[in-house]
Amino acid sequence: MIIHNQNFPLITTVVPCYNEEKALPYFWQEIQSVAEQMTKLYAVQFEFLFVNDGSNDQTLDLLRSFAALDKRVHYLSFSRNFGKEAAIYAGLKHAKGNYVAVMDADMQDPPALLPEMYQILKTNEYESVATRRVTRKGEPILRSFCARCFYKLINKISDADIVDGARDFRLMTRSMVDAILAIREYNRFSKGIFGWVGFRTYWLPYENVERVAGETKWSFWKLFKYSLEGITAFSTAPLQISSIMGIILCLVAFLWIIYIVVKTLILGDPVGGWPSLACMILFIGGIQLFCIGILGQYLAKTYLETKKRPLFIVCETNEENENAAEIF
Ligand code: UDP
Ligand code: MG
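Residues numbered from 1 in each chain as written. Chains lettered and ligands numbered in written order. Predicted model: local features only at pLDDT ≥ 70, side-chain atom pairs only at ≥ 80, totals over all residues. Heavy atoms only, no water.

Sorry, what's going on with the coordination of the magnesium ion (ligand 2) here?
Octahedral metal centres with six donors ideally show angles of 90 or 180 degrees, and tetrahedral centres with four donors ideally show 109.5 degrees. Within the protein, the magnesium ion (ligand 2) binds to Asp106 (OD) and Gln108 (OE1); these donor distances fall in the range 1.9 Å. Residue class for Asp106 comes out buried when judged on its relative accessible area of 3%. Exposure remark for Gln108: the relative accessible area of 16% places this residue in the buried category. (Donors = N, O, S within 2.8 Å, 3.2 Å for Na, K, Ca; no water. Buried < 20%, exposed > 50% of the residue type's maximum accessible area, 1.4 Å probe, protein only.)

Is there a simple way to think about the pairing of strand 6 (residues 166-173) in this case?
It is a general feature of regular strands that their side chains alternate between the two faces of the sheet. Of all 8 residues in strand 6, 8 are buried; the element is thus mostly enclosed. Inspection of the sheet shows strand 4 (residues 99-102) paired to strand 6 by 4 bridges, in the antiparallel sense. Note on strand 6: the bridge partner recorded for Val102 is Arg170. Two strands pair when backbone bridges link them, and strand 5 (residues 128-133) and strand 6 are joined in this way by 4 bridges, in the antiparallel orientation. By the bridge assignment, Val129 is partnered in strand 6 with Leu171. (Helix = DSSP H or I, 4+ residues; strand = E, 2+ residues; numbered from the N terminus. Pairing = 2+ DSSP bridges.)

Mind showing me how you'd approach the side chain of Thr173 here?
By the element assignment, Thr173 lies in strand 6. By relative accessible area, Thr173 is classed as buried at 14%.

I keep staring at the nonpolar core and nothing clicks. Help me out?
Taken as a class, soluble globular proteins show a tendency for nonpolar side chains to be buried jointly. Residues Leu24, Met38, Phe50, Leu114 and Leu171 are the most contacted members of the largest nonpolar core, which totals 38 residues. Excluding residues that lie within four positions of it along the chain, Leu114 makes contacts with Thr13, Ile31, Val34, Met38, Ala101, Met103, Phe169 and Leu171. Formed by 37 residues, the second largest nonpolar core is a distinct cluster that contains Val102, Ala147, Ile154 and Ile193. (Core = buried A, V, L, I, M, F, W, Y, C linked by side-chain atoms within 4.5 Å. Contact = heavy atoms within 4.5 Å.)

Geometric values such as these leave the question of function open.
Right, here's the structure in full:
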């Protein structure tokens, strides 16, 4: 437990890091100067919580050295790469702050926005200040286009309010953090979870910033799988669509049968039309497989949820009283 003055609000910054040895020194410098500025301006205190998500570069060494220099630094190091979602969850779970900020290590979530975000929360009118990129400068065109389509689609088919361009970068009050931690699902899609828990959220727009150093961990394929994760986690519309498709096909088949029976009775042509029959069989077979696939996706998610495996396993930390596996 860190010793802090109870009278001053504590702000925890949760930073998931996966192979960030190049970006972390810049981030560390920047967050320190922002913290110093805010400590003077608002009489707040800071806790810097880094989550090393199984990096295989010097990230952990860097975190150890930050912790040796500054008592406000805490780190959790996972036993392997569990993904950004697990890292965010672990960070929120260990954050002690009255306010908690989730931010990337690559400076794409500019720490310089924190004072403005804190000022908005301080008025008690909002429980969360979230950020939204108004531009996607520096991003491949195809990636931006697919992202836009994804946001349009998911907002139509789910009731979680997911804003286009929303980042995971946000500052939240303790009540919102507790609500997020109460969601104990294995397949975590943070953008959806933030929206789903509700609370009054102020959207702070900003221009896209390119990564300061290092490389993005998200390939197009990874993003595609992540978007499917989002859809299955927050909507059952694909299941409904497959049922509706089934009903429509049954109706078409029924009308077709009547047509064939009548045609055969009148014209007496029993063997004609086999190519169309082959096409129909292929088409319906394809749709059946597609629908079974959708069903399988949901079943797989249910399967993983029922296993109740820990979301992450910590193998090293400078926090006290730490159990290795976090099981809820
Ligand atoms: N990250 C992580 N685990 C992963 C992938 C990414 O903790 O498996 C972290 C990464 O270190 C960074 C943040 O998540 O702090 C965002 O990753 P990145 O910058 O690669 O994503 P992008 O900004 O390109 O969407
Ligand atoms: Mg980034």
